[in-house]
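The primary structure of each chain is shown beneath.
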Amino acid sequence: MTSRITWAEAGARRYGRQLLRTPAQLPSTPAQSGTSVAAVVSTLLAVHAQVLSAAELSVALRLDGSTRQDVRSALWDDRSVVKTYGPRGTIHLLAATELPFWSAALTAVPSGTSPSPSVRMTSGQEAQVVAAIGDALDGRQLTIDELSEEVVARTGPWAGDLVMEAFQGKWPRWRQVMHRAGQSGALCFAPNRGRKATYTRPPHFDPLPADEALAALVRHYLHAYGPATPQHFAKWAAAPRGWAAALFSSLASSGGIEEVDFEGTPAWVVAGDSDFPTEAVRGVRLLPYFDAYAVAAQPRERMFPGAAYERALAGGQAGNFPVLLVDGVVAGVWHQRRQGKRTTVTVEPLGRLTGAQEKELGEQVERVGEVLEAKPELVVGKVTAGAHA
């Protein structure tokens, strides 16, 4: 008999598994038990890090007692977390121990539309550039200009042709596969050199077989965000819908995933993972830009109900505004502006908050201040900053 899952049940399970109901505990010493930054990153599957300060908030808000320094230490010191190109070809934090499955899975996802003929490279040229990037970065930290010189020297002048449209001019041809280099394990970010980003190569690893890696990715995704349809997964992974449907069908045939009824729509969970809490979500939370919970939870119109769909999305895309959650769904937006050791947190609720919710909002703002290592001031009012400001 097919299990029937309501939106409330799905939301409650996602909320709990995303460590929003109860944050994990950071060990105060290496000898104590607790949850590491890398474990939280793995729990979220991947943490969007185009804006690194937002990624630091996403992780630390789920790890009681932690600050942005704990995330930075995991990223730059013990290297248990890697900043690289992840799902959708965008920059994410990934758990370093999971690179073997990430690399194989991401490079097996079919790419989107091809670039124009004037920019395009052959598959052989792409492989040559990725290999050149890995060789250039092995044991080194290079800026983008230094890396460009190394890539062109290892491949040929064609790789340096200025053919890619960029923000203030044109980029060399080789940069169109930079995300593939990151996904394949040839490149990741290193600490900034002043204001300049630098790149290095992560520790060498052996990727899993593609089929095994894709199955692991779907299971991990469904554990964190299920029930979900192949279309939901395709949107999250920036993959063709038909390919995602075939992948889910194959995994269902092998018994890796099972179908449930999700508000009248066929959806999928990991096989045997069909228990859902009945306790309703209660509480107030603040989530930063591109937080995994707001981006991946589907259907989006249920995650962003009513006025939130227009106010907290940008053309239907989630993540462009930090969001206020009330009882597990988006109920407002917020923005923080730092000045020295102080930060002003402006929160714009889309409805009236109860006294208890206002109190909890204040506590959440204090926690944001702790993570950012700043003294916070709460202002309830209109957020004037635009999307992704």
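All of these numbers come straight from a predicted model, not from anything done at the bench. (Residues numbered from 1 in each chain as written. Predicted model: local features only at pLDDT ≥ 70, side-chain atom pairs only at ≥ 80, totals over all residues. Heavy atoms only, no water.)

Draft legend 1. Here's a closer look at the packing of helix 3 (residues 52-60) against helix 15 (residues 355-372). Close contact between helix 3 and helix 15 brings their axes to 10 Å; oriented N to C, the two are set at 120°. As judged from the angle between their axes, helix 3 and helix 15 are oblique. Read as a crossing pair, helix 3 and helix 15 show a hand that is right-handed. Note on element contacts: helix 15 touches helix 3 through Arg367, Val368, Val371 and Leu372, opposite Glu56, Leu57 and Ala60. Split into classes, the residues belonging to the contact of helix 3 with helix 15 amount to five nonpolar, no polar and two charged. (Axes fitted to C-alpha atoms, helices over the stretch in contact; angles between N-to-C directions. Helix = DSSP H or I, 4+ residues; strand = E, 2+ residues; numbered from the N terminus. Parallel < 35°, antiparallel > 145°, perpendicular 65-115°, else oblique. Left-handed = near helix turned anticlockwise from the far one by under 90°. Contact = heavy atoms within 4.5 Å. Nonpolar A, V, L, I, M, F, W, Y, C, P; charged D, E, K, R; others polar.)

Draft legend 2. Summary view of the nonpolar core. Among the nonpolar cores identified, the biggest contains 94 residues, and Leu93, Trp102, Trp174, Leu187, Leu222, Phe233 and Trp236 are the most heavily contacted of them. Of the residues forming this core, the biggest block, ten residues, is contributed by helix 9 (residues 210-225). Ignoring any residue separated from it by four or fewer positions in sequence, one finds Leu187 in contact with Thr84, Tyr85, Ile133, Leu137, Leu147, Met178, Ala181, Gly182, Tyr199, Thr200 and Pro202. In terms of nonpolar packing, the next biggest core, distinct from the first, is built from 34 residues, Ile5, Leu20, Ala267 and Phe290 among them. (Core = buried A, V, L, I, M, F, W, Y, C linked by side-chain atoms within 4.5 Å. Buried < 20%, exposed > 50% of the residue type's maximum accessible area, 1.4 Å probe, protein only.)

Draft legend 3. Region of interest: the packing of aromatic side chains. Per the counting criterion, the structure on display carries nine aromatic pairs. The interplanar angle of 70° and the centroid separation of 5.2 Å between the aromatic rings of Tyr221 and Phe233 together place this pair among those described as edge-to-face. Separated by twelve residues along the polypeptide, Tyr221 in helix 9 and Phe233 in helix 10 (residues 230-237) bring together distant segments of the chain. Members of the aromatic cluster, joined through ring pairs, are Tyr221, Tyr225, Phe233, Trp236 and Phe248. Over the ring of Phe276 we find Arg13; its NZ or CZ atom is 3.8 Å from the centre of that ring. (Phe/Tyr/Trp six-rings, centres within 6.5 Å; stacked < 30°, edge-to-face > 60°. Lys NZ or Arg CZ within 6 Å of the ring centre and 35° of its normal.)

Draft legend 4. The arrangement of the pattern of salt bridges in detail. By the definition in use, this model includes 16 salt bridges. Glu165 is the salt-bridge partner of Lys170, the closest N and O atoms lying 2.3 Å from each other. For Lys170, a relative accessible area of 41% gives the class partly exposed. Its salt-bridge partner being Glu348, residue Lys382 comes within 3.5 Å of it at the nearest N-O pair. Remark: Glu348 occurs in strand 17 (residues 342-349) and Lys382 occurs in the segment after strand 18 (375-380); sequence separation between them is 34 residues. One salt-bridge network, in which partners are shared between bridges, spans Arg13, Arg17 and Asp273. (Salt bridge = Lys/Arg side-chain N within 4 Å of Asp/Glu carboxyl O.)

Draft legend 5. Layout of the pairing of strand 6 (residues 91-95). Judged by how many residues are buried, strand 6 sits mostly within the fold: five of five residues are covered. Residues of strand 6 alternate between two faces, with Ile91, Leu93 and Ala95 on one and His92 and Leu94 on the opposite face, all of them buried. Of the pairings in the sheet, the one linking strand 3 (residues 47-48) to strand 6 comprises two bridges and is antiparallel in character. Residue pairing for strand 6: His48 is matched across the bridge by His92. Strand direction decides the pairing type here: strand 5 (residues 81-85) and strand 6, joined by five bridges, are antiparallel. By the bridge assignment, Thr84 is partnered in strand 6 with His92. The turn joining strand 5 and strand 6, which pair antiparallel and follow one another in sequence, is formed by five residues; a positive phi near 65° is taken by Arg88. (Pairing = 2+ DSSP bridges.)

Draft legend 6. Representation of the sheet that holds strand 13 (residues 265-270) within the structure. Across the sheet, three strands lie side by side as 1-12-13; this open sheet has mixed pairing. At either end of the open sheet lies a strand with only one pairing partner, and these are strand 1 (4-5) and strand 13. For strand 1 and strand 12 (residues 257-262), the ladder comprises two bridges, and the chain directions are parallel. Paired with Ile5 across the strands is Phe262, a residue of strand 12.

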